[in-house]
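# Coordinates in review
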Amino acid sequence: MDAVRVALLREVLAGTEWPGAARRFAGALRSSVVPRRGGLLLVGTEAYEPWHLAAHLVDEAAWSGLPELAPTLVRHRVRPDAPAHLAVGLGRLEAAGRGATLLVVAPERPDEGLLQRVYDARRAGATVLSLDGGDTEVRGLAHEALTVAEGAGVDLDMVQHLVSAAAGENSLPSPRADRRFRDRLSSLTDRLTSPPPTRW
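Residues numbered from 1 in each chain as written. Predicted model: local features only at pLDDT ≥ 70, side-chain atom pairs only at ≥ 80, totals over all residues. Heavy atoms only, no water.

## Some thoughts on the overall build of the protein chain
Put simply, the rule reads: For the purposes of this entry, the term helix denotes a DSSP run of H or I that reaches at least four residues, the term strand denotes a run of E that reaches at least two, and both are numbered from the N terminus. Categorising residues by exposure relies on relative accessible area from a 1.4 Å probe, with only protein chains included: less than 20% of the type maximum marks a residue as buried, more than 50% marks it as exposed, and the intermediate range marks it as partly exposed. Contacts between residues were defined by any pair of non-hydrogen atoms, one from each residue, lying within 4.5 Å. Accessible surface is estimated by sampling points in the Shrake-Rupley manner with a 1.4 Å probe; for residues, cover comes only from the protein chains shown.
Looking only at helices and strands, the protein chain has seven helices and five strands in total. When the helices and strands of the protein chain are listed from N to C terminus, the series reads α-α-β-α-β-β-α-β-α-β-α-α. Every one of the 200 residues in the protein chain was classed for burial, and the buried ones make up 44%. Here the analysis covers contacts within the protein chain between residues at least 6 apart in sequence; of these, 68% occur between residues at least 24 apart. For the protein chain, the exposed surface amounts to about 11,300 Å²; the carbon and sulfur share of it is 53%.

## Things to note about the sheet that holds strand 3 (residues 101-106)
Here is the rule we go by: Two strands pair under a simple rule: DSSP has to find at least two bridges between them. For every element, the axis is a line fit to its C-alpha atoms; helices are fit only across the contacting stretch, and the angle between N-to-C directions ranges from 0 to 180 degrees.
Here five strands make up an open sheet; going across it, the order is 2-1-3-4-5 and the pairing parallel. Only two strands of the sheet have a single partner each, and these edge strands are strand 2 (72-74) and strand 5 (144-147). Recorded for the sheet is a direction-independent mean angle of 20° between the axes of neighbouring strands. In this sheet, strand 2 lies alongside strand 1 (residues 40-43) in parallel orientation, the contact comprising three bridges. Counterpart to Leu42 in the pairing with strand 2 is Leu73. Against the sheet, helix 4 (residues 112-123) contacts strand 1, strand 3 and strand 4 (127-132), and its axis sits at roughly 155° relative to strand 3. Docked against the sheet, helix 6 (residues 156-167) engages strand 3, strand 4 and strand 5, running at close to 135° with respect to strand 4.

## A few points about the packing of helix 3 (residues 51-64) against helix 6
Two packed helices can be described by the angle between their axes and the distance between those axes. The following threshold applies: When describing relative orientation, an angle under 35 degrees is termed roughly parallel and one over 145 degrees roughly antiparallel, while 65 to 115 degrees is termed roughly perpendicular and anything else oblique. Should the near helix be turned anticlockwise from the far one by less than a right angle, the crossing is left-handed, and should it be turned clockwise, the crossing is right-handed. Think of it as three bins: nonpolar holds Ala, Val, Leu, Ile, Met, Phe, Trp, Tyr, Cys and Pro, charged holds Asp, Glu, Lys and Arg, and polar takes everything else, Gly as well.
It is at 9 Å that the axes of helix 3 and helix 6 come closest, and there the two elements cross at 20°. Considering the angle they form, helix 3 stands roughly parallel to helix 6. Crossing hand, helix 3 versus helix 6: right-handed. When helix 3 is examined against helix 6, the residues His52, Leu53, His56, Leu57 and Glu60 are found in contact with a partner set consisting of Gln160, His161, Ser164, Ala165 and Ala167. In terms of residue class, the contact of helix 3 with helix 6 is made up of four nonpolar, five polar and one charged.

See the structure below:
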């Protein structure tokens, strides 16, 4: 969905909770992804693979200059002839730990195997976010969740478009800007607390 269609979608949904909720969730996603640490892993259920969201996040990563937003799509079934970007299986979740962000897209309850892997990744230090249909166990595993329940007036695909577009917007706080500020503050603190130079 291009920027014009996203703008129209936001206009249609103006006055509802969804544009603001999508921006808040996108802000949480953006601030949780740490460059060069664990990356962003995106996984769906066995019946629902969020490849469309993966493609939009790749585009937003390129346009916003935030390559860390480009996810690794983790798949339940990988064909032997799949290209590299579509050849990452569920075993990748076992390596997810501190510094990794795991975004689970689950319109329905995932199978127990995926839930266990997400739980293990969270225990290992990964940040877990969910775009879900309201399953309590999925929400319970997530540090941050955006639920699209049945009868909400929108569907999960619409909300994914809102979230991916908001994740790349310049109006969201940049994790890099926060790090630059912390780096400058840390450097200043080091200078102020270091012993004075010896006299010559």
